[in-house]
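A look at the structure
Below are the chains, spelled out letter by letter.
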Amino acid sequence: AALCILAALVGRAVYPSGAVAGGGAAASPAQDAFGQGLREAYQQGYDDALAGLDPRPPKYIPSPDADPSVSAAGGGRSSGGGGGGFGVGSLLRYGMVASYL
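Residues numbered from 1 in each chain as written. Predicted model: local features only at pLDDT ≥ 70, side-chain atom pairs only at ≥ 80, totals over all residues. Heavy atoms only, no water.

1. Here's the deal with the overall build of the protein
Along its length, the protein carries three helices and zero strands. Counting only residues that meet the buried cut, the protein has 6% of its 101 residues in that class. (Helix = DSSP H or I, 4+ residues; strand = E, 2+ residues; numbered from the N terminus. Buried < 20%, exposed > 50% of the residue type's maximum accessible area, 1.4 Å probe, protein only.)

2. Description of the side chain of Gln44
For Gln44, the location among the structural elements is in helix 2 (residues 33–51). Non-local contacts of Gln44, meaning those with residues more than four positions away in its chain, are made with Arg56, Pro57, Pro58 and Lys59. (Contact = heavy atoms within 4.5 Å.)

3. Some thoughts on the packing of aromatic side chains
Applying the stated criterion across every chain yields a total of one aromatic pair. A cation over an aromatic ring shows up here: Arg93 above the ring of Tyr94, its NZ or CZ 5.7 Å from the ring centre. (Phe/Tyr/Trp six-rings, centres within 6.5 Å; stacked < 30°, edge-to-face > 60°. Lys NZ or Arg CZ within 6 Å of the ring centre and 35° of its normal.)

4. Description of a nonpolar patch on the surface
A surface patch of nonpolar side chains, about 550 Å² in accessible area, is lined by Leu3, Leu6, Val10, Val14 and Tyr15. One can find Tyr15 in the loop between helix 1 (2–14) and helix 2. Taking relative accessible area as the criterion, Tyr15 reaches 55% and is therefore assigned exposed. (Patch = residues over 30% accessible without salt bridge, like charges linked within 9 Å, V, L, I, M, F, W, Y side chains within 5 Å. Areas by Shrake-Rupley, 256 points an atom, 1.4 Å probe, with all protein chains shown as cover. Salt bridge = Lys/Arg side-chain N within 4 Å of Asp/Glu carboxyl O.)

5. With respect to helix 2
Its 19 residues place the ends of helix 2 27 Å apart at the C-alpha level, agreeing with the 27 Å of an ideal helix rising 1.5 Å per residue. Restricting attention to buried positions, one finds in helix 2 the residues Gly35, Gly37, Gln44 and Asp48. Two residues or fewer after helix 2 comes Gly52, characterised by a positive phi angle close to 80 degrees. (Expected span 1.5 Å × (residues − 1).)

6. Remarks on the pattern of salt bridges
For the structure shown, the criterion picks out one salt bridge. Arg56 is paired through a salt bridge with Asp48; the nearest N and O atoms lie 2.7 Å apart. We classify Asp48 as buried; its relative accessible area is 7%.

7. A closer look at helix 1
When the terminal C-alpha atoms of helix 1 are compared, their 18 Å separation across 13 residues agrees well with the 18 Å that a helix rising 1.5 Å per residue should span. Among the 13 residues of helix 1, zero are classified as buried, and the element is accordingly described as predominantly exposed.

8. Structural notes on the confidence of the model for the protein
This prediction gives the protein a mean pLDDT of 73; 65% of its residues lie at or above 70. For the protein, the element scoring lowest by mean pLDDT is helix 3 (residues 88–100), at 80; helix 2 scores highest, at 87. (pLDDT = per-residue confidence, 0-100.)

The structure is reproduced here in structure tokens:
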């Protein structure tokens, strides 16, 4: 119980009341392809519900970290990022295997 109270006091000291993580910045609508795809998918679902239609899968929504120079039809990976290292995914995978042993 004392640890919880201590954590609450430290949290209040680090983030005083009224402060937000973004420094009070107002959110603005996303203008990228991912945000546009989400808006279109939401609107499609809303329109389908109003029309009484069954739910259907949304149109293609690009990944938020997709490289805009790579087209959806082109496929392939962007040359920028890793993916073949010893990261958190590998640790979790090996941890799951070790828990079964």
